[in-house]
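One-letter residues, chain by chain:
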Amino acid sequence: MNMSGKARAHTNIALIKYWGKADESLIIPMNNSLSVTLDKFYTETKVTFSPEYTKDILVLNGEEVNEEQSKKIYQFMNLVRERSHTSHYAYIESVNYVPTAAGLASSASAFAALAAACNEALNLNMSDKDLSRLARRGSGSASRSIFGGFAEWEKGHDDETSYAHAIDAQGWEEDLSMVFVVINNQSKKVSSRSGMSHTRDTSRFYQYWLDHVDEDIASVKEAIRNKDFKHLGEVIEENGLRMHATNLGAQPPFTYLVPESYEVMDIVHQCRKAGYPCYFTMDAGPNVKILVEKKNQQFIIDALLKSFNKEQVIASDITNTGIEIIE
């Protein structure tokens, strides 16, 4: 008897960054992080378990993925089998609705959708907390994609205590959006994983980063409670810059940012001077994300289009929708 489940999960962008693992195998972070979930970018995944299959098969965007590229998926499916006490392999069909030009990693939405589809297919009846724990084992940021709106990933100290949860913003996220400036969508010279471990192990600035993250998390949660966009923006901008500063303190130092990244930051500063509040953040790459109130979104986009082409500037609302089961 075949068992199937299908789910949709949206990707998220960290406002307070996750940078460095305390446990590489369990993907337990060095610090808490906080994110917003995006409406425009998501993954839909269908999983079918069957006693007839002799191995897991992954079909991504209509094309079968070879075994070498599917290693992380196979490891994740072994975890699912272990937790569900099944020996059946699975046929996995996944479609990423993330524009290829967006320069966005889809691992968060991919593993969140896969975890939810497996939960549905095998009737595991997992809570959102346990789904978050499971998704984390595929990709740390996937723990946050179980939820819509704002979400915080509690670092915890072991597999049981490291998971994300939603933060009630009383609907404020519906007033916000994010504008992406895609500078480069090519593979990074330094992967996120390598950058995290190298910085954690060698950066002179890394302890300073850790010493201030909890303060940043508390400040952002206060800003969300008070619906204080200026305070929210100032904290996330400082946090993102501080994360990138840790890379410059590594031995040897490295950076993900390029001249165009700084050009976008300057445009953001100019928009603020003109009376249109907006704030930037960057993950492990050169692309810049700009948090803005919806009412000011078009002004920011128009300012960016003076320096970048329209394919490079992509806007997305924040969604309240977490994991969705698709019939």
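- The name given to the chain in an unreviewed UniProt entry is diphosphomevalonate decarboxylase, with Mammaliicoccus sciuri as the source organism.
- In the Sequence similarities (unreviewed entry) part of its UniProt record, the chain is described as follows: "Belongs to the diphosphomevalonate decarboxylase family."

With respect to the pattern of salt bridges
In step 1: Tallied over the full model, the rule gives 19 salt bridges.
In step 2: Two residues, Arg 133 and Asp 130, come together in a salt bridge whose shortest N-O distance is 2.9 Å. Of the two residues, Arg 133 and Asp 130 both sit in helix 3 (residues 128-136), three residues apart, roughly one turn of that helix.
In step 3: For Arg 133, a relative accessible area of 7% corresponds to the buried category.
In step 4: Under the relative-accessibility criterion, Asp 130 is labelled partly exposed at 27%.
In step 5: Where Lys 230 meets Glu 234, a salt bridge forms, and the shortest distance between an N and an O atom there is 2.7 Å.

Points about the packing of helix 5 (residues 206-226) against helix 6 (residues 229-248)
In step 1: Contact pair helix 5 / helix 6: the axes reach a minimum separation of 10 Å and the direction vectors enclose 165°. Between helix 5 and helix 6, the angle is such that the two are roughly antiparallel. Like other packed secondary-structure pairs, helix 5 and helix 6 cross with a definite hand, here left-handed. In contact with Tyr 206, Tyr 208, Trp 209, His 212, Val 213, Asp 216, Ser 219, Val 220, Glu 222 and Ala 223 of helix 5, helix 6 contributes His 231, Leu 232, Val 235, Ile 236, Asn 239, Arg 242, Met 243 and Thr 246.
In step 2: Taken together, the residues of the contact of helix 5 with helix 6 break down into ten nonpolar, five polar and three charged.

Looking at the nonpolar core
In step 1: Ranked by internal contacts, the top residues of the largest apolar core, which has 74 residues, are Leu 34, Val 47, Phe 49, Met 77, Leu 114 and Phe 150.
In step 2: If one sorts the elements of this core by residue count, helix 2 (residues 107-121) sits on top with nine residues.
In step 3: Residues contacting Phe 49, with those up to four places away along its chain left out, are Met 1, Asn 2, Met 3, Met 77, Val 80, His 88, Tyr 89, Ala 90, Cys 118, Ala 121 and Leu 122.
In step 4: Counting residues in each nonpolar core, the second largest holds 22 residues, with Ile 267, Phe 280, Val 292 and Ala 303 among its members.

Topic: the packing of aromatic side chains
In step 1: Taken as a whole and assessed by the stated rule, the structure comprises ten aromatic pairs.
In step 2: By the ring-pair criterion, three or more aromatic residues cluster together here, those being Trp 19, Phe 254 and Tyr 256.

Let's talk about the environment of Asn 12
In step 1: Mapped onto the elements of the fold, Asn 12 is located in strand 1 (residues 3-16).
In step 2: Since its relative accessible area comes to 7%, Asn 12 is described here as buried.
In step 3: In sequence terms Asn 12 and Gly 240 are 228 residues apart; their C-alpha atoms lie 15 Å from each other.
In step 4: Residues contacting Asn 12, with those up to four places away along its chain left out, are Ser 35, Val 36, Thr 37, Ala 108, Ser 141, Arg 144 and Ser 145.
In step 5: Among the polar contacts listed, one links the side chain of Asn 12 to the backbone oxygen of Ser 141, at a separation of 3.0 Å.
In step 6: Within the local environment of Asn 12, its side chain forms a polar contact with the side chain of Arg 144, the two groups lying 2.9 Å apart.

Examining the pairing of strand 13 (residues 313-317)
In step 1: Counting buried residues in strand 13 gives four out of five residues, a clear majority hidden from the surface.
In step 2: Inspection of the sheet shows strand 10 (residues 176-181) paired to strand 13 by five bridges, in the antiparallel sense. Its bridge partner lying in strand 13, Ser 177 is registered against Asp 317.

Thresholds, definitions, all that
Residues numbered from 1 in each chain as written. Predicted model: local features only at pLDDT ≥ 70, side-chain atom pairs only at ≥ 80, totals over all residues. Heavy atoms only, no water. UniProt positions renumbered as here; feature names shortened; annotations may be inferred. Salt bridge = Lys/Arg side-chain N within 4 Å of Asp/Glu carboxyl O. Helix = DSSP H or I, 4+ residues; strand = E, 2+ residues; numbered from the N terminus. Buried < 20%, exposed > 50% of the residue type's maximum accessible area, 1.4 Å probe, protein only. Axes fitted to C-alpha atoms, helices over the stretch in contact; angles between N-to-C directions. Parallel < 35°, antiparallel > 145°, perpendicular 65-115°, else oblique. Left-handed = near helix turned anticlockwise from the far one by under 90°. Contact = heavy atoms within 4.5 Å. Nonpolar A, V, L, I, M, F, W, Y, C, P; charged D, E, K, R; others polar. Core = buried A, V, L, I, M, F, W, Y, C linked by side-chain atoms within 4.5 Å. Phe/Tyr/Trp six-rings, centres within 6.5 Å; stacked < 30°, edge-to-face > 60°. Polar contact = N/O pair within 3.5 Å; in protein donor to acceptor, adjacent residues only side chain to side chain. Pairing = 2+ DSSP bridges.

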